[in-house]
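# Chain and residue survey
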Amino acid sequence: TSVKRVHNFNAGPSAMPLSVLEKAQAELLSFNGCGMSVMEMSHRSKEFEGIIKTAEADLRELMGIPANYKVMFLQGGASLHFAMEAMNFRPAGASADYIVTGAWSKAAIKEAAKLGTTNVVFNGEAEKFNRLPAAGELNFDPKAAYVHICHNETIHGVEFKSEPVLPAGVPLFCDMSSDFVSQPIDVTKYAMIYAGAQKNAGPAGVVIAIVRDDMLERVPANLPTMLDYKVMAEKESLYNTPPCWSIYMCGLVFQWLKELGGLEAMYKIDQQKAKMIYDVIDKSGGYYRGHAVPESRSIMNIPFRLASEELEDLFVKESKKADLIGLKGHRSVGGLRASLYNAVPLESVKALADFMVEFQKKNG
Ligand code: PLP
């Protein structure tokens, strides 16, 4: 393309694969020759049925989702599902365990606590959420309705490398918003996975929820319909008008991932990209300070600091001039952050790594 494209390190919404955008552009006025855009067609049409079914089938194939899990395309952002998982899957009087590793698991427990009993199994806040818990630190409630984790903390940059080992029979729920489809995951270790699409999967406006069938038996009667996973599962995401365009775009991203070789192939690239930036940090002699301890580092979001806020402001300003966009840290923690989602090309990461080395030379 001759259109200007920047190096996009936004935390979400974030970069999309160029070929996906081009495909959407080519199909914008007439999807598959049907004379309409996807955003103009009925969600009950044959065309859209094909789009949503293919997106689901491709995701099932990519992630290896077994037949006894439902895949749903829902709304409300991941934030609504913080409340919904508790409303649907924590029976009255029961408690749910939360591993609090950063701002997003903290947001999740806050919602669940409004509606019932929660138990904090680990809280990394005193250490500024710079690490994951060690196995020995986790004292689970063997009667917990579920354990909630955030697989990758987008703001604090810590990411689970394996699932915590839970007491027998306790289901694991996971907010996977910011590292969804970045790596192979053993879905059978989870009773529920959900993810806001707007980082790795597609545009904002759709949340993908993967729920094991037996969980749906827990859903209490008389929940508002839009908050009821059982209805959404029975109606195959089409109880009401779904976010059609966002689902279509997710489908294109899943096709792109399949063409790339699937999640193993994606993971290799993502690891390589993350290593390029962590290497610069580690070789900078303390000039760049990564937030997370090395064992807990995320391959998707890399928050880091410089010696002063003035220097960080200069970094943001200078990087923008070089078309490196979205490097300012989250407003709650400050500093800098590079988000290296699936769609961020290797060349962009190389450009950032080179910029960081040069910036240190000039301002060290
Ligand atoms: N969970 C994680 C890990 C996130 O990164 C975000 C948003 O950045 C959310 C939840 C909230 O998602 P949403 O804005 O879709 O409600």
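Residues numbered from 1 in each chain as written. Predicted model: local features only at pLDDT ≥ 70, side-chain atom pairs only at ≥ 80, totals over all residues.

### With respect to the overall build of the chain
Here is the rule we go by: Strands here are runs of E lasting at least two residues and helices are runs of H or I lasting at least four, both read from the DSSP assignment and numbered beginning at the N terminus. We take the radius of gyration over the C-alpha atoms and set the globule estimate at 2.2 Å times the residue count to the 0.38 power. Here a residue counts as buried when 20 or more other C-beta atoms fall within 10 Å of its C-beta, as exposed when 12 or fewer do, and as partly exposed in between; the C-beta atoms come from the backbone. By definition, residues are in contact whenever their C-beta atoms, placed on the basis of the backbone, come within 7 Å of each other.
Along the backbone of the chain there are ten helices and twelve strands. For the chain, the C-alpha radius of gyration of 21 Å lies close to 21 Å, the compact-globule estimate for 364 residues. Oriented by its inertia axes, the alpha-carbon framework of the chain measures out at about 65 × 55 × 30 Å. Buried positions account for 44% of the 364 residues belonging to the chain. Within the chain, counting contacts between residues at least 6 apart in sequence, those at least 24 apart form 69% of the total.

### Quick look at the packing of helix α7 (residues 244-260) against helix α8 (residues 262-282)
Applied cut-off: For helices, the fitted line uses only the C-alpha atoms of the stretch in contact; every axis is such a line through C-alpha atoms, and the angle between N-to-C directions lies from 0 to 180 degrees. Roughly parallel means an angle under 35 degrees; roughly antiparallel, over 145; roughly perpendicular, 65 to 115; everything else is oblique. Throughout this entry, Asp, Glu, Lys and Arg are counted as charged residues, while Ala, Val, Leu, Ile, Met, Phe, Trp, Tyr, Cys and Pro are counted as nonpolar. The remaining residues, Gly among them, count as polar.
Put simply, α7 and α8 touch, their axes get as near as 7 Å, and they point 80° apart. For the element pair α7 / α8, the angle class is roughly perpendicular. Contacts from L257, K258 and L260 of α7 reach α8 at G262, L263, A265 and M266. The residue inventory of the contact of α7 with α8, partitioned by class, reads five nonpolar, one polar and one charged.

### Some remarks on the pairing of strand β6 (residues 172-175)
Put simply, the rule is: Each pair of strands is called paired provided DSSP finds at least two bridges between the two strands.
Here four bridges tie strand β5 (residues 147-150) to β6, and the two strands are oriented parallel to one another. Following the sheet pairing, H148 is matched in β6 by F173. For β6 and strand β7 (residues 192-196), the ladder comprises three bridges, and the chain directions are parallel. Within β7, the position partnered with D175 by the bridge is Y194.

### Some points on α8
Selection rule: To estimate the expected span of a helix, subtract one from its residue number and multiply by 1.5 Å.
Helix length check: α8, at 21 residues, gives a terminal C-alpha distance of 30 Å against a target of 30 Å (1.5 Å per residue), a fit within 8%. Regarding α8, the residues found buried are L263, M266, D270, K273, A274, I277, Y278 and V280. Those residues of α8 that are buried lie in contact with α2 (46-63), α7, β9 (289-290), β10 (301-305), β12 (336-339) and α10 (346-363).

### A short note on the nonpolar core
Going by this rule: Put simply, a nonpolar core is buried Ala, Val, Leu, Ile, Met, Phe, Trp, Tyr and Cys residues tied into one set by C-beta atoms within 7 Å. Segment limits for the domains were obtained from an automatic or database-derived domain assignment.
Judged by nonpolar contacts, the single largest core of 101 residues is most densely connected at M192, A195 and I208. Among the domains, domain 1 (21-259) and domain 2 (262-363) are the pair contributing at least three residues each to this core. Filtering out sequence-adjacent residues up to four positions away, I208 remains in contact with V71, F73, Y194, A195, A197 and A201.

### Notes on the confidence of the model for the chain
Under the convention used in this document: For every residue, the pLDDT score states the predictor's confidence, bounded by 0 at the bottom and 100 at the top.
Averaged over all residues, the pLDDT of the chain equals 97, while 100% of them reach at least 70. Highest mean pLDDT in the chain belongs to β6 (99); lowest belongs to β9 (97). Interface confidence for the predicted complex, expressed as ipTM, amounts to 0.99; the pTM equals 0.98.

### Observations regarding α2
Put simply, the test is: Summarising the geometry, the arc corresponds to the directions from the helix axis toward the C-beta atoms.
Counted at 1.5 Å a residue, the expected span for α2 with its 18 residues is 26 Å, and the 26 Å between its end C-alpha atoms agrees. Taken residue by residue, α2 has I51, I52, A55, E56, L59 and M63 as its buried positions. Buried residues of α2, viewed axially, fall in a sector of 120°; they line one side. For α2, exposure combined with an orientation more than 90 degrees from the buried face picks out K46 and K53. Taken together, the buried residues of α2 touch β2 (69-74), α7 and α8.

### Quick look at the environment of N32
Within the secondary structure, N32 sits in the loop between α1 (18-26) and α2. Sequence separation between N32 and Y194 is 162 residues, and the spatial gap between their C-alpha atoms is 30 Å.

### Looking at the UniProt feature "binding site: L-glutamate" (unreviewed entry) in the chain
We apply this condition: UniProt positions are given in the numbering used here, feature names are shortened, and annotations may be inferred rather than shown by experiment.
Taking the UniProt record as the reference, the feature "binding site: L-glutamate" (unreviewed entry) is found at R44. Along the chain, R44 turns up in the loop between α1 and α2. Classification of R44 by C-beta neighbours within 10 Å gives exposed; the count is 9.

### A closer look at the UniProt feature "modified residue: N6-(pyridoxal phosphate)lysine" (unreviewed entry) in the chain
According to UniProt, the positions carrying the feature "modified residue: N6-(pyridoxal phosphate)lysine" (unreviewed entry) are K199. Of note, K199 is situated in the loop between β7 and β8 (207-212). K199 gets classed as buried once you count the C-beta atoms within 10 Å, which come to 30.

### Some details on unusual backbone geometry
With glycine set apart, most residues show a phi of negative sign, and most peptide bonds adopt trans. With omega at -10°, the peptide bond leading from G12 into P13 counts as cis. Within the fold, P13 resides in the loop between β1 (7-8) and α1. Backbone geometry at K128 places phi at a positive 60°, although glycine is not the residue there. Among the structural elements, K128 can be located in the loop between β4 (117-123) and β5. Despite not being glycine, S237 shows a phi value in the positive range, around 70°. S237 sits in the buried class, given 23 other C-beta atoms within 10 Å.

### Brief notes about the sheet that holds β5
Reading across from one edge, β2-β8-β7-β6-β5-β3-β4 is the order of the seven strands in this open sheet, with mixed pairing throughout. The open sheet terminates on both sides in strands that have one partner only, identified here as β2 and β4. Strand-to-strand twist in this sheet, taken as the mean axis angle between neighbours without regard to direction, amounts to 20°. Of the strand pairs in this sheet, strand β3 (residues 95-100) and β5 are connected by two bridges, and their pairing is parallel. Within β5, the position partnered with Y98 by the bridge is H148. Of the strands in this sheet, β3, β5, β6, β7 and β8 touch helix α3 (residues 77-89), which is tilted by about 155° from β7.

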